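Residue-level structure breakdown
The residues making up each chain are set out below.
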Amino acid sequence: MTEAAAMNRFLAAIHRHLRQPPSDVFCHFVKNGETRAIAWAELRGRIAGFAAAYRARDLASGGAVAIFLRHDPALHASYLAAMMCGLTPTFLPCPSPRQDPAIYWESLRHLLAHLDGAAIVVDRATLAEMRAACLAPDPRRVILADDVATGGELPTAAIGDQAIALLQ
């Protein structure tokens, strides 16, 4: 089976793009008024790193990956790696000053209960906020985005066109 035949059209297109010259720009990431170019090579390495983190947790095909990050370059890689591993990514909203913290954390507690067994991609600061709100995710399922290594093999899971791309 060829690479393109083994996966859906979206992921086949991503794989084609990941073969771009390493220095070609994937996107420009803007945060706090500063712009940083992210090359395809960097994205590829980060995808491979997240894929390795997902594989290390033995997540079942179709299982959920809850991406709980603020505006961060890891959003792209964690999302694409989940899809490429045959997992179902979902973005969870981070707390905002406009929300009542008690209502927010209680709502998140219920949401995480529905995602039982999901991996949770989070940074240290947000994980500390979760713990302060008495949310204690299973440490075997927590993936600290800050600690995900880059590099390695890209996932090669066979994923059809009917796979779920994002759980909202």
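Here, every reference points to the structure presented above.
Position numbers for residues count from 1 along each chain, tracking the sequence in the order it is written. Only residues with pLDDT of at least 70 are given local features in this predicted model, and only at 80 or more are side-chain atom pairs given and counted; all residues enter the totals for whole chains, interfaces and linings. Excluded from the side-chain calculation are hydrogens and water; included are all heavy atoms of the structure.

1. Re the overall build of the chain
Working definition: helices are DSSP H or I runs of at least four residues, strands are E runs of at least two. Numbering for both runs from the N terminus. Looking only at helices and strands, one finds five helices and six strands in the chain. Each helix and strand of the chain, ordered N terminal to C terminal, gives the series α-β-β-α-β-α-β-α-β-α-β. Here the radius of gyration uses the C-alpha set of atoms, whereas the globule reference equals 2.2 Å times the residue count to the power 0.38. Taken against the 2.2 N^0.38 rule, which gives 15 Å for 168 residues, the C-alpha radius of gyration of the chain at 16 Å falls within 12% of a compact globule. Dimensions of the chain along its principal axes, counting C-alpha atoms only, are 50 × 40 × 25 Å. Classification of the 168 residues of the chain by burial places 45% in the buried group. Any two residues whose heavy atoms approach within 4.5 Å at even a single point are treated as in contact. In the chain, of all internal contacts separated by at least 6 residues, the share reaching a separation of at least 24 is 68%. Accessible surface, the chain: about 9,300 Å² in total, of which carbon and sulfur atoms supply 55%. The cut-offs for exposure are 20% and 50% of the maximum accessible area for each residue type, with area from a 1.4 Å probe on protein chains only; residues under the lower value are buried, those over the upper are exposed, and the others partly exposed. Accessible surface is estimated by sampling points in the Shrake-Rupley manner with a 1.4 Å probe; for residues, cover comes only from the protein chains shown.

2. Comments concerning the packing of aromatic side chains
In summary, the pairing rule links any two rings of Phe, Tyr or Trp, Trp by its six-membered ring, whose centres are within 6.5 Å, and it sorts them by plane angle into stacked for under 30 degrees, edge-to-face for over 60 and tilted for everything else. Within the structure shown, the criterion is met by four aromatic pairs. Plain terms: the ring middles of Phe26 and Trp40 are 4.9 Å apart, the flat faces sit at 70° to each other, and that makes the pair edge-to-face. Here Phe26 is found in strand β1 (residues 25-31), whereas its partner Trp40 is found in helix α2 (residues 40-56), with 14 residues between them in sequence. For Trp40, a relative accessible area of 10% gives the class buried.

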